[in-house]
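Analysis of the macromolecular model
Next come the chains, spelled out residue by residue.
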Amino acid sequence: MTSHLQQMPVSKRNQGASSEVARDINRRIVLNLIRTRHPISRADLARISGLQRSTISLIVEQLIEENWVLEGPTGRLPRGRRPTFLRLNDERVIIGVDIRPVQPTVALADANGKFISQEVMPTSPNPKIALDQLLDSIQRIKKSCRGKKIEGVGISLPGRFDRTSDRLVFAPNLRWRDVDFRNPISAATGLEVELENAANACVLAEVWFNRSEECRNLVVITVSEGIGTGILANGELVRGLNGMAGEFGHVPLDPEGPLCGCGSRGCWEVFGSNRAAIRYYFETHAEIEGLTFPDLLSRADQGDTQAVKALDRMAHYLGRGMRMIVAGLAPERIVVVGDLTRSWHRFGAVIEAAVQDQTLPGGAVPKIIPAYEDGMARLRGTVALVLQKHFSV
Ligand SMILES: [Zn+2]
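Quantities reported herein were computed from a predicted structural model and do not represent experimental measurements. (Residues numbered from 1 in each chain as written. Predicted model: local features only at pLDDT ≥ 70, side-chain atom pairs only at ≥ 80, totals over all residues. Heavy atoms only, no water.)

What follows concerns the overall build of the protein. Per the secondary structure count, the protein includes 14 helices and 15 strands. Going through the 393 residues of the protein one by one, you find that 53% of them count as buried. Sequence separation of at least 24 residues holds for 62% of the intrachain contacts in the protein that already meet a minimum separation of 6. (Helix = DSSP H or I, 4+ residues; strand = E, 2+ residues; numbered from the N terminus. Buried < 20%, exposed > 50% of the residue type's maximum accessible area, 1.4 Å probe, protein only. Contact = heavy atoms within 4.5 Å.)

So, in structure tokens, the structure goes:
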């Protein structure tokens, strides 16, 4: 929670917003304070949020009635006061699915965003088999949480998802195309299913669980086999026509460059993705079958100078691509998600220098930071996806 938030109540920060919008934001703030500081009393909620006691009471009563928040035990303070503490009901759980070209994961999390269990699925190039495996995994996890209330299934996709047609519209790195995930999963489990592009899911995770609650202009960049971006502009997720907004990864940096999965040449992602770094490495090193990006990071750590150079080149291109994001959207913060954050010392400074190299007069270099506790950002996003249905505008 930032000092900004502590000092200024939401009603003042959102002048012009309808009372309904303000109420929903206040609800989310109260919920997040309970989540991050539990056990907490109503008095402390009011003090920390800057909201009025009566507003806090109203929201808390509602959350208790809806069974999201539980009361007790009673605390002890000096001078005989005995406040009742509040905590989140962790019997309400969410199933999160992170679909990735390489290793899909299914996990169970509570409303705190804490993961209780997870399993990594095998992958099949056959979409029908893959969907069956996914369903098996979801059913296994569903069985394991007897007695708990499952709020829904959140799915993060490595492509753009069009919410109006319920279709995956653009997924150049996914082998299973034209798969309807929502209806078969919903029919087999009886649960509500929410789908979102992976980078957008990470934006929600930032806003819900991490340090970006007060940030209104934020871009998340997911770097893996490709590059995806999720955009929060003026406090709202940008989806665009057909859900296609955010495909900066497919803006060509060099029209003569290598062929991209999208059919174009020289897209940002063929220069700045994990795959690009591996390609750079093999330009100067004998090919090794099955070498993964984490292997490349380890090789660099072990002093392999060709690995270090390959990663450096990838970092430089990541920064170059970010210039268009900075120039076009002027975010306050860019959050980077992906295996590269494990070796942030190799990337952070190089990326920043490349962005700084071409800042517009009047523009500012945003904070460029690795995702909090990465590895789980997409999954945490799937939890946020389901939660926001209950708590968002
Ligand atoms: Zn492309």
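Our focus in this paragraph is the coordination of the zinc ion. Protein-derived coordination of the zinc ion comes from H250 (ND1), C260 (SG), C262 (SG) and C267 (SG), at a distance range of 2.0 to 2.3 Å. Mapped onto the polypeptide sequence, the residues donating to the zinc ion form the spacing pattern H-x9-C-x1-C-x4-C. A residue pair is termed long-range when its members are at least 10 positions apart, and H250 in the loop between β13 (236-237) and α9 (268-272) and C262 in the loop between β13 and α9 qualify at twelve residues. Under the relative-accessibility criterion, H250 is labelled buried at 14%. For C262, a relative accessible area of 29% gives the class partly exposed. (Donors = N, O, S within 2.8 Å, 3.2 Å for Na, K, Ca; no water.)

Let us look at the sheet that holds strand β5 (residues 105-110). Here we have five strands laid out as an open sheet, ordered β6-β5-β4-β7-β10, and mixed in their pairing. Single-partner strands in this sheet number two, and they are β6 (115-120) and β10 (193-197). Adjacent strand axes in the sheet meet at a mean angle of 20° when their direction is disregarded. With six bridges connecting them, strand β4 (residues 92-98) and strand β7 (residues 149-157) associate as parallel partners. Bridge assignment links R92 to a residue of β7, and that residue is K149. With respect to the sheet, helix α7 (residues 182-189) is in contact with β7 and β10, its orientation differing from that of β10 by roughly 155°. (Pairing = 2+ DSSP bridges. Axes fitted to C-alpha atoms, helices over the stretch in contact; angles between N-to-C directions.)

Grouped together as the largest cluster of nonpolar side chains are 43 residues, with contacts concentrated most on V30, I34, L45, V69 and L387. Residue assignment for this core shows that the elements contributing at least two residues are α3 (19-37), α4 (42-49), α5 (53-65), β3 (84-88), α8 (198-209), β11 (218-223), β14 (333-337) and α14 (377-391). Once residues within four sequence positions are removed from consideration, L45 is found in contact with V30, L33, I34, I40, G50, I56, V60 and L86. Counting 40 residues, the second-largest nonpolar core is a separate cluster that includes A276, I278, A315 and W344. (Core = buried A, V, L, I, M, F, W, Y, C linked by side-chain atoms within 4.5 Å.)

Looking now at the sheet that holds β13. Hydrogen bonds along the backbone pair up the strands of a sheet, which may run parallel or antiparallel. With respect to topology, five strands assemble into an open sheet ordered β13-β12-β11-β14-β15, the strand pairing being mixed. Two strands lie at the open edges of the sheet, namely β13 and β15 (367-370), each paired on one side alone. Summarising the sheet, β11 and strand β12 (residues 227-233) pair through six bridges and their orientation is antiparallel. Following the sheet pairing, I221 is matched in β12 by T229.

Let us look at helix α6 (residues 127-144). Helix length check: α6 (18 residues) gives 26 Å between terminal C-alpha atoms against 26 Å at 1.5 Å per residue, within 8%. In this fold, the buried residues of α6 make contact with β4, β5, β6, β7 and α7. Where α6 begins, one side-chain oxygen reaches toward the backbone nitrogen of K128, 2.8 Å away; that side chain belongs to N126. (Expected span 1.5 Å × (residues − 1). Polar contact = N/O pair within 3.5 Å; in protein donor to acceptor, adjacent residues only side chain to side chain.)

Moving on to the packing of aromatic side chains. Within this structure, the stated rule accounts for three aromatic pairs. Both rings, one in F271 and one in Y317, keep their centres 4.8 Å apart while their planes meet at 25°; by these two values the pair is stacked. Residue F271 is located in helix α9, and its partner Y317 is located in helix α12 (residues 305-329); the two are separated by 46 residues in the primary sequence. Classification of F271 as buried rests on a relative accessible area of 9%. Classification of Y317 by relative accessible area gives buried; the value is 18%. Here the aromatic rings of Y281 and F282 are separated by 5.9 Å at their centres, their planes lie at 40°, and the arrangement is tilted. Both residues of the pair, Y281 and F282, belong to the buried class. Taken together, the aromatic side chains of F271, Y280 and Y317 make up a single cluster linked through ring pairs. In this arrangement the basic side chain of R92 is found over the ring face of W68, its NZ or CZ atom lying 3.9 Å from the centre. (Phe/Tyr/Trp six-rings, centres within 6.5 Å; stacked < 30°, edge-to-face > 60°. Lys NZ or Arg CZ within 6 Å of the ring centre and 35° of its normal.)

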